[in-house]
Amino acid sequence: MKSRKEQAEALLRQYNQQHLLNFYHDLTAEAQESLLDQIFSLDFEQVAALFDQRTDSPAQMENELTPIEAGVWDEFSEERKQQEEEAGWQALRSGRVAALVVAGGQGSRLGHDGPKGTFNIGLPSGKSLFQLQAERLLNLSSQAGRTIPWYVMTSPENDGETTEFFRKADYFGYPREAIFFFEQSVLPAIDAEGKILLADKDRISLAPAGNGDCFAAIKRSGALADMKARGVEWVFYYNVDNALVKVADPKFIGYTISSGASAACKVVPKSHPEEKVGIVCLNRGRPAVIEYSDMPREMMTAQNEEGRLLYDQANISMHLFRLDFVEKGADYPLPYHAAHKKIAAIDEQGNPLKPSEPNAYKFERFIFDLFPLADKLAVLQVNRSEEFAPVKNKEGEDSPETARKLVLELHRKWLLEAGAAEELLEGRTVEISPLISYAGEGLHLRISELLEQEQSI
Ligand SMILES: CC(=O)N[C@H]1[C@@H](OP(=O)(O)O)O[C@H](CO)[C@@H](O)[C@@H]1O
């Protein structure tokens, strides 16, 4: 019988990837086994297919785009607002809503060595992104009288660190049995010749397969079965990196349910034509998102008759999906978007390679490529200053600094609206715990107490 190594050699020969074993003899027995495990876990047919498609990813497809209609929350009558919110609360009270965060990414672009959700944006409280989200969910859960189950998608790279972070923080006060961690899958990075990159002598270069893998991962991991067992009917999906995310927002839930749609997306008007956000629109009449990396310049800058941006509905990565839509999406063969990137690796001699130009392709699926499957997509335009503070870069636009500022400005606004005198807020930084207020409610009786605190409560 062939040894594992011989079996791996035969497999690699078949797909012209023999270089993956170039350093096998330099490795310890344990590292050799680990490398062989990685090789056997790859789908080489898929890798070959991805390589062949790398230049005809969805970006190159013929699109026929038109703008999409959105409900603008601020323009609704008070009566309608109340109705929608009440419908959302009803769903929360009857335990029909779950929250799902896609958190497989690392904070490396922020200079943070760890999962992105563990990042602290420098608020006075020092809370991590995960903690802010947990506390918002806890607040809603206590108001609804039902714990909102929370599904956390990690990646093989950060699962251990993420779960350890939650454990050490005692799950931020969340009931342990209401949190479900599951991993998204990964794909290898491939160079211009179709060779799989080695990150190290014993390690294949793997990257998360994108947030579009989410529904498949939900099914694979048993999270879907868990949702069904709990009676979940709606999944509130969000990105880990928005410091102002209104997790499981009742108004969004109510708006979606009453619209009769099976999927929904929250949007805000773009801040400027080049903002790095996807645009929600129609493609051949079907709901779609065109990602910023795929967007032709004419689309970024096109104007309507009033001189406003024609494509102005920025995707802020908050969606609501009906469970039957999640189930359908789990088996749907989404396309892969190829990205040509600078990816650190080792060269044929085993020396570290720090490319200054893109040297490899990464492949990702995007969750919103499922939107065309929905007959109708509910689109709700909300207030940017209340809901969108993305943390993407170390400095400048969409950085911890801009996000922190947005959170503190919003909390200041809440206090003013609750009746705090402007002079009292002068020179103070007050941060309001999401455990006390989810969206500015309930503050009027507590102003003096809040302002007694030095900085945060
Ligand atoms: C593939 C994907 O989900 N892209 C999303 C996502 O962008 P990232 O740069 O991948 O974080 O979040 C943006 C909002 O923060 C949204 O506008 C965009 O469409």
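Within any chain, residue numbers begin from 1 and follow the written order of that chain's sequence. For a predicted model such as this one, the threshold for reporting local features is a pLDDT of at least 70, and the threshold for listing and counting side-chain atom pairs is 80 or more; totals across whole chains, interfaces and linings nevertheless cover every residue. Values reported for side chains reflect all heavy atoms of the structure, with hydrogen atoms and water molecules removed beforehand.

### Digging into the overall build of the protein chain
To keep things clear, this is the line we draw: Strands here mean DSSP runs of E at least two residues long; helices mean DSSP runs of H or I at least four residues long; both are numbered from the N terminus. Atoms considered for the radius of gyration are the C-alpha atoms alone. The globule rule reads 2.2 Å times the number of residues to the power 0.38. By the convention used here, residues are in contact when the closest approach between their heavy atoms is within 4.5 Å. Only the protein chains shown count as cover for residues, and all accessible areas are computed by the Shrake-Rupley method using a 1.4 Å probe. Residues counted as positive are Lys and Arg, residues counted as negative are Asp and Glu, and His and the chain ends are not counted. To locate a charge, the coordinates of NZ of Lys, CZ of Arg, CG of Asp or CD of Glu are taken.
Within the protein chain, the secondary structure is distributed over 15 helices and 20 strands. Taken over the C-alpha trace, the protein chain has a radius of gyration of 23 Å; the compact-globule value for 457 residues is 23 Å, and the two agree within 12%. For the C-alpha atoms alone, the extent of the protein chain along its principal axes is close to 75 × 50 × 45 Å. Long-range pairs, those at least 24 residues apart, make up 74% of the contacts in the protein chain with a sequence separation of at least 6. Carbon and sulfur atoms make up 46% of the accessible area of the protein chain, which totals about 20900 Å². Charged side chains in the protein chain number 50 positive and 71 negative. The centres of these two groups are separated by 2 Å.

### Here we look at the sheet that holds strand 7 (residues 190-191)
Formally: Two strands qualify as a pair provided that DSSP identifies no fewer than 2 bridges between them.
Taken together, the three strands give an open sheet; going across it, the order is 7-19-16, and neighbouring strands pair in antiparallel fashion. Edge strands, defined here as strands with exactly one partner in the open sheet, are strand 7 and strand 16 (337-341).

### What to know about the nonpolar core
Basically, it comes down to this: Put simply, a nonpolar core is a bunch of buried Ala, Val, Leu, Ile, Met, Phe, Trp, Tyr and Cys residues held in one set by side-chain atoms that sit within 4.5 Å of each other. Each residue gets one of three labels from its accessible area relative to the maximum for its type: buried under 20%, exposed over 50%, partly exposed in between, using a 1.4 Å probe on protein chains only.
In terms of nonpolar packing, the biggest core is built from 48 residues, with Leu 92, Phe 130, Trp 150, Phe 166, Tyr 174 and Tyr 238 touching the most fellow members. The dominant element in this core, judged by the number of residues it contributes, is helix 5 (residues 129-144), at six residues. Those residues within four positions of Tyr 174 in sequence are excluded, and the remaining contacts are Ala 134, Leu 137, Leu 138, Ser 141, Thr 147, Ile 148, Trp 150 and Ile 179.

### Quick look at the environment of Trp 150
Summarising the element assignment, Trp 150 is placed in strand 4 (residues 150-154). Trp 150 gets classed as buried once you look at its relative accessible area, which sits at 0%. Distance from Trp 150 to Leu 42, taken between C-alpha atoms, is 30 Å for residues 108 residues apart in sequence. Setting aside residues no more than four positions away along its own chain, Trp 150 makes contact with Ala 99, Val 101, Phe 130, Gln 133, Ala 134, Leu 137, Phe 166, Tyr 174, Ala 178, Ile 179, Phe 180 and Tyr 238.

### A short note on the packing of aromatic side chains
So the rule is basically this: Each pair of aromatic rings taken from Phe, Tyr and Trp, with Trp reduced to its six-membered ring, is defined by centres within 6.5 Å and is described as stacked if the planes are under 30 degrees apart, edge-to-face if over 60, and tilted in the remaining cases. Charge-over-ring contacts are defined here by two conditions on Lys NZ or Arg CZ: a distance within 6 Å of the ring centre and an angle within 35 degrees of the ring normal.
Scanning all chains against the criterion turns up 18 aromatic pairs. Seen in terms of ring centroids, Trp 73 and Phe 76 are 5.5 Å apart; in terms of plane orientation they differ by 65°. Their pairing is edge-to-face. No difference in accessibility class separates Trp 73 from Phe 76, as the two residues are buried. With centroids separated by 6.3 Å and ring planes inclined at 50°, the aromatic side chains of Phe 321 and Phe 371 adopt a geometry described as tilted. On the criterion of sequence distance, the pair formed by Phe 321 in strand 15 (residues 313-322) and Phe 371 in the loop between strand 19 (360-364) and strand 20 (377-381) is long-range, its members being 50 residues apart. What makes Phe 371 buried here is its relative accessible area of 0%. Put simply, the rings of Phe 130, Trp 150, Phe 165, Phe 166, Tyr 171, Phe 172, Tyr 174 and Phe 181 touch in pairs and so form one group of aromatic residues. The lysine or arginine in question, Arg 54, covers the ring of Phe 51, its NZ or CZ lying 3.8 Å from the ring centre. Over the aromatic face of Phe 76 sits the side chain of Arg 80, whose NZ or CZ is 3.9 Å from the ring centroid.

### Side note on the environment of Ala 223
For Ala 223, the position within the fold is in helix 8 (residues 223-230). With relative accessibility at 0%, the residue Ala 223 sits in the buried group. For the pair Ala 223 and Phe 182, spaced 41 residues apart in sequence, the C-alpha separation works out to 7.4 Å. What Ala 223 contacts, discounting residues up to four positions off in sequence, is Tyr 151, Phe 180, Phe 182 and Ile 218.

### Re the site of the ligand
Quick note on the threshold: Throughout this document, a residue counts as near a molecule or strand when at least one of its heavy atoms sits within 4 Å of that molecule or strand. Each polar contact in these results corresponds to two N or O atoms within 3.5 Å; when the atoms are within protein, one needs to be able to donate a hydrogen and the other to accept it, and residues that are neighboring in sequence are counted only if both atoms are side-chain atoms.
The environment of the ligand is made up of 13 residues, and the closest members are Asn 211, Glu 291, Tyr 292, Asn 315 and Lys 392. Contact between the ligand and Ser 317: an oxygen atom at 3.1 Å from a side-chain N or O atom of the residue. Across the complex, the protein chains shield 86% of the 440 Å² of accessible surface that the ligand would expose by itself.

### Observations regarding the confidence of the model for the protein chain
Counted only if it meets this: The predictor's confidence in any single residue is recorded as pLDDT, a number from 0 to 100.
The predicted model of the protein chain has a mean per-residue pLDDT of 94, with 98% of residues at 70 or higher. Confidence metrics for the complex model read pTM 0.95 and ipTM 0.99.

### Topic: helix 9 (residues 250-259)
Within helix 9, eight of the ten residues are buried, leaving the element largely enclosed by the surrounding structure. Every buried residue of helix 9 is accounted for by Pro 250, Lys 251, Phe 252, Ile 253, Gly 254, Tyr 255, Thr 256 and Ser 259.

### Concerning the packing of helix 7 (residues 214-221) against helix 11 (residues 323-330)
This is how it is decided: The angle between two axes is taken between their N-to-C directions and runs from 0 to 180 degrees, where each axis is a line fitted to C-alpha atoms and a helix contributes only its stretch in contact. Geometric relationships in this document are graded by angle, where less than 35 degrees denotes roughly parallel, more than 145 denotes roughly antiparallel, 65 to 115 denotes roughly perpendicular, and other angles denote oblique. Throughout, the ten residues Ala, Val, Leu, Ile, Met, Phe, Trp, Tyr, Cys and Pro are labelled nonpolar, Asp, Glu, Lys and Arg are labelled charged, and all others, Gly among them, are labelled polar.
It is the contact of helix 7 with helix 11, at a shortest axis distance of 7 Å, that shows an interaxial angle of 95°. Between helix 7 and helix 11, the angle is such that the two are roughly perpendicular. Contact residues: Phe 215, Ala 216, Ile 218 and Lys 219 in helix 7; Phe 325, Val 326, Gly 329 and Ala 330 in helix 11. Of the residues in the contact of helix 7 with helix 11, the class split is six nonpolar, one polar and one charged.

### Quick notes on the pairing of strand 11 (residues 234-239)
Most of strand 11 is tucked away: six of the six residues are buried. What you see with strand 11 is no split at all: Trp 234, Phe 236 and Tyr 238 on one side and Val 235, Tyr 237 and Asn 239 on the other are buried throughout. Relative to strand 11, strand 3 (residues 97-102) is paired through six bridges, and the arrangement is parallel. Bridge assignment links Leu 100 to a residue of strand 11, and that residue is Tyr 237. Of the pairings in the sheet, the one linking strand 11 to strand 15 comprises five bridges and is antiparallel in character. Note that in strand 15 the partner of Val 235 across the bridge is Phe 321.

### Remarks on the pattern of salt bridges
As a reminder of what qualifies: Each reported salt bridge corresponds to a side-chain nitrogen of Lys or Arg within 4 Å of a carboxyl oxygen of Asp or Glu.
Overall, the coordinates contain 31 salt bridges when judged by the stated rule. Notably, a salt bridge pairs Arg 284 with Glu 64, separated by 3.9 Å at the nearest N-O pair. Here Arg 284, found in the loop between strand 13 (279-283) and strand 14 (286-290), pairs with Glu 64, found in the loop between helix 3 (44-52) and strand 1 (65-67); they are 220 residues apart in sequence, far enough to count as distant. One salt bridge in this structure joins Glu 164 and Arg 167, with 2.7 Å as the shortest N-O distance. Linking Glu 164 with Arg 167, this pair stays in helix 6 (residues 159-168), spanning three residues, or about one helical turn. Take Glu 164: its relative accessible area is 31%, and that puts it in the partly exposed class.

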